[in-house]
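A look at the structure
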Amino acid sequence: MHRLWVTLCLLLLSPILLVVAGGGDIAFNKPQIRLTTTFLDFDARIMDHWGNGGGKNGNIPRNARHPFPGRAFGGGKRKDIRGTRAFGSGYPYGTVNRSTIARRPFPYGVWPLYWDQNFMDADEYGPKYDAFRPGGFVASVPLRTTTEHFNVTDEEVYYAIGDRESLLFLMISFVTECHVTPAWPSRFDPSSPNAPIKLENVIQYFRASSFALASPAYNNTFARTPSRFDTMKNSTRLSEFMEYSPFRKCVDGVTENALAIMNPPPGRTELDEFVRALMYAGVFIVIGILLFLAYAYRVVHHLRSRFQRWLYGDRERVRLARPERENELLY
């Protein structure tokens, strides 16, 4: 019975002790992108799909042998991930000059896309740095579905543009949530005459203009006119069909909620401390319950033993008293 109690205690406590020992963090097998911030000691941060981002922003060390030394990065939150149809939109901080994206920070960890003709000084983040780009080279992937799930035509196709890893991980959510036909990302060259989409086709920027959704059926006549007002009003309106398309809304919503963004820097947040406190409280509560049950078991066992001894003793007295009674009756 003692071994049974020990086994029961270990089974009840093991999940809680594992979490507490791990600092209150529970690991899930979800897609993540490693972002190297220095090439001296390969210090890195993590970009998480479905993560909330936030935390304090940092700076890439100036001696890090990084393409952008001294540049601020991190701190961007999920709630601020949406931009507009204007290139250079979607920055939660660091937008000093709206006519250029040069020398801007990386609030979500990834630097912006680049377009042909060095639009808005985008060559600063051009293909020469694709080997260092977090998530891999810039790629595009077609997003199509079938009439089985949405009221679409063969012409309703959208494209997602961004780093390769973000596209691969997002495709899982696109297929699951929006019934997108699976497709592999392919390298995107905006200067190529065979590029499936152009700057004018972008219908929505995300994540500080490092990710975009586009449609060949859309043409924004204001796309190459940098504006000091990054609003939807300063762009060509979507067609009524595209504006109210359930398929487009689904793809847009998944991108907003699932696109990879940088996690807060390592360290415990207030939520982590609260979870950790709950875990410790849970440990003490479980231990208290187990001790109470063990004590109750010992008390019950003791009372049962006493009752058995009393019962046995009473029967023994009856057995011994019977011959004496019979002898008395003989007289």
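Owing to the predicted nature of the structure, the values given are computational and were not obtained by experimental measurement. (Residues numbered from 1 in each chain as written. Predicted model: local features only at pLDDT ≥ 70, side-chain atom pairs only at ≥ 80, totals over all residues. Heavy atoms only, no water.)

The next point concerns the overall build of the chain. If you tally the helices and strands in the chain, you get five helices and 10 strands. Within the chain, buried positions represent 42% of all 331 residues. The contacts of the chain with a sequence gap of at least 6 include a subset with a gap of at least 24, amounting to 65%. Put simply, the chain shows about 19,500 Å² of open surface, and 57% of that area lies on carbon and sulfur atoms. (Helix = DSSP H or I, 4+ residues; strand = E, 2+ residues; numbered from the N terminus. Buried < 20%, exposed > 50% of the residue type's maximum accessible area, 1.4 Å probe, protein only. Contact = heavy atoms within 4.5 Å. Areas by Shrake-Rupley, 256 points an atom, 1.4 Å probe, with all protein chains shown as cover.)

The next point concerns the confidence of the model for the chain. Close reading of the predicted structure is inappropriate where its pLDDT is low. On average, residues of the chain score 82 in pLDDT, and 77% of them are at 70 or above. Counting interchain partners and residues more than four positions distant, the pLDDT-below-50 stretch residues 10–28 has 23 contacts. (pLDDT = per-residue confidence, 0-100.)

Before going further, it helps to spend a moment on the nonpolar core. Of all hydrophobic cores here, the largest spans 34 residues; its most connected members are Phe-87, Trp-115, Ile-161 and Tyr-205. Of all the elements in the fold, those that place two or more residues in this core are β1 (32–36), β6 (158–163), β8 (202–206) and β9 (211–214). Not counting residues within four places of it along the chain, the set of residues in contact with Trp-115 comprises Phe-87, Ala-122, Asp-123, Ile-161, Phe-188, Pro-190, Lys-198, Leu-199, Val-202 and Tyr-205. Grouped together as the second largest cluster of nonpolar side chains are 31 residues, Tyr-91, Ala-208, Phe-211 and Cys-250 included. (Core = buried A, V, L, I, M, F, W, Y, C linked by side-chain atoms within 4.5 Å.)

Now for the pairing of β6. Most of β6 sits inside the fold, with six of its six residues counted as buried. Relative to β6, strand β5 (residues 138–143) runs antiparallel, the two being bridged by six bridges. Across the sheet, residue Ser-140 finds its bridge partner in β6, namely Ile-161. (Pairing = 2+ DSSP bridges.)

Now for the environment of Ala-260. Structurally, the position occupied by Ala-260 is in the loop between α4 (246–258) and β10 (261–262). Judged by relative accessible area, which is 0%, Ala-260 ranks as buried.

This paragraph deals with the state of the cysteines. Going through the model one piece at a time under the given rule, you end up with one disulfide. Between Cys-178 and Cys-250 runs a disulfide, and the two sulfur atoms are separated by 2.0 Å. For the disulfide bridge between Cys-178 and Cys-250, the dihedral angle about the S-S bond is near -95°, and by the sign convention the bridge is left-handed. Linking Cys-178 in helix α2 (residues 164–178) with Cys-250 in helix α4, this pair joins segments that are 72 residues apart in sequence. By the burial criterion, Cys-178 is buried, and Cys-250 matches it. (Disulfide = S-S within 2.5 Å.)

Counted according to the given criterion, the structure contains 11 aromatic pairs. The interplanar angle of 75° and the centroid separation of 6.2 Å between the aromatic rings of Phe-106 and Tyr-125 together place this pair among those described as edge-to-face. Of this pair, Phe-106 sits in the loop between β4 (72–73) and β5 while Tyr-125 sits in the loop between β4 and β5, placing them 19 residues apart in sequence. Each member of the pair, Phe-106 as well as Tyr-125, is classed as buried. A connected cluster of aromatic rings, assembled from ring pairs, spans Phe-68, Phe-106, Trp-111, Tyr-125 and Tyr-129. Geometry around Phe-119 places Arg-224 over its ring, the cationic atom sitting 5.7 Å from the centre. (Phe/Tyr/Trp six-rings, centres within 6.5 Å; stacked < 30°, edge-to-face > 60°. Lys NZ or Arg CZ within 6 Å of the ring centre and 35° of its normal.)

Over its 15 residues, α2 extends 20 Å from the first C-alpha to the last, a length consistent with the 21 Å expected when each residue adds 1.5 Å. Maximum bend of α2: about 25°, positioned at Leu-170. Looking only at α2, the buried set comprises Ser-166, Leu-167, Leu-170, Met-171, Ser-173, Phe-174 and Cys-178. Of the residues one or two after α2, His-179 is the one with positive phi, at around 55°. (Expected span 1.5 Å × (residues − 1). Bend = angle between axes of the 7 residues up to and from the residue.)

Taken in spatial order, the five strands line up as β7-β5-β6-β9-β8 in an open sheet, and their pairing is antiparallel. Single-partner strands in this sheet number two, and they are β7 (186–187) and β8. The strands touched by α4 are β5, β6, β8 and β9; relative to β8, the strand with the most contacts, the crossing angle is about 20°. (Axes fitted to C-alpha atoms, helices over the stretch in contact; angles between N-to-C directions.)

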